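Fold and geometry: a report
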Amino acid sequence: LVNGDKVLNSLRLYGGDVDQNNAIGLSDASTVGSDWGSTLNPESNINYDGIVNIQDLALVGGNYGLTSADAYGWWFILP
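Okay, so let's go over this structure.

Calculation notes
Residues numbered from 1 in each chain as written. Predicted model: local features only at pLDDT ≥ 70, side-chain atom pairs only at ≥ 80, totals over all residues. Heavy atoms only, no water. Helix = DSSP H or I, 4+ residues; strand = E, 2+ residues; numbered from the N terminus. Contact = heavy atoms within 4.5 Å. Areas by Shrake-Rupley, 256 points an atom, 1.4 Å probe, with all protein chains shown as cover. Core = buried A, V, L, I, M, F, W, Y, C linked by side-chain atoms within 4.5 Å. Buried < 20%, exposed > 50% of the residue type's maximum accessible area, 1.4 Å probe, protein only. 1 Å grid on protein atoms, 1.4 Å probe; cavity = no way out; pocket = protein on both sides within 12 Å on 5 of 7 lines; lining within 4 Å. Points joined across faces, edges and corners; volume = space filled by probe spheres on them. Nonpolar A, V, L, I, M, F, W, Y, C, P; charged D, E, K, R; others polar.

Moving on, we come to the overall build of the protein. Each helix and strand in the protein was counted, giving three helices and three strands. Reading the protein from its N terminus to its C terminus gives the helix and strand order β-β-α-α-α-β. For the protein, the proportion of contacts with a sequence separation of at least 24, taken over those separated by at least 6, is 48%. On the protein, roughly 5,300 Å² of surface is accessible, and the fraction owed to carbon and sulfur atoms is 59%.

Val-18, Ile-24, Val-32, Ile-46, Val-52 and Val-60 together form the largest nonpolar core, which totals six residues. Excluding its chain neighbours within four sequence positions, the residues that come into contact with Ile-24 are Gly-15, Gly-16, Asp-17, Val-60, Asn-63, Tyr-64, Gly-65 and Leu-66.

There is about 340 Å³ of room inside the largest pocket. Taken together, 19 residues line the largest pocket, and the ones lying closest to its centre are Tyr-14, Gly-15, Gly-16, Asp-17 and Val-18. For the lining of the largest pocket, the residue count by class is 10 nonpolar, seven polar and two charged.

Now the structure itself:
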């Protein structure tokens, strides 16, 4: 992307940080499990399809162990 004289690297957003503590871990997986089948907790509905289900759990599982620093530490603005 070009914005004036700045070039930004592409950024891939990782899903699964339900409790928003900058790490995807056991508490996130537990919350998704507890909210299974629910339409009430938008944080557990990671893929925003309207219901907490296997797709949400797969996102947590696939990104398990990631922290914001690990996932996004490489992302920076080039001169």
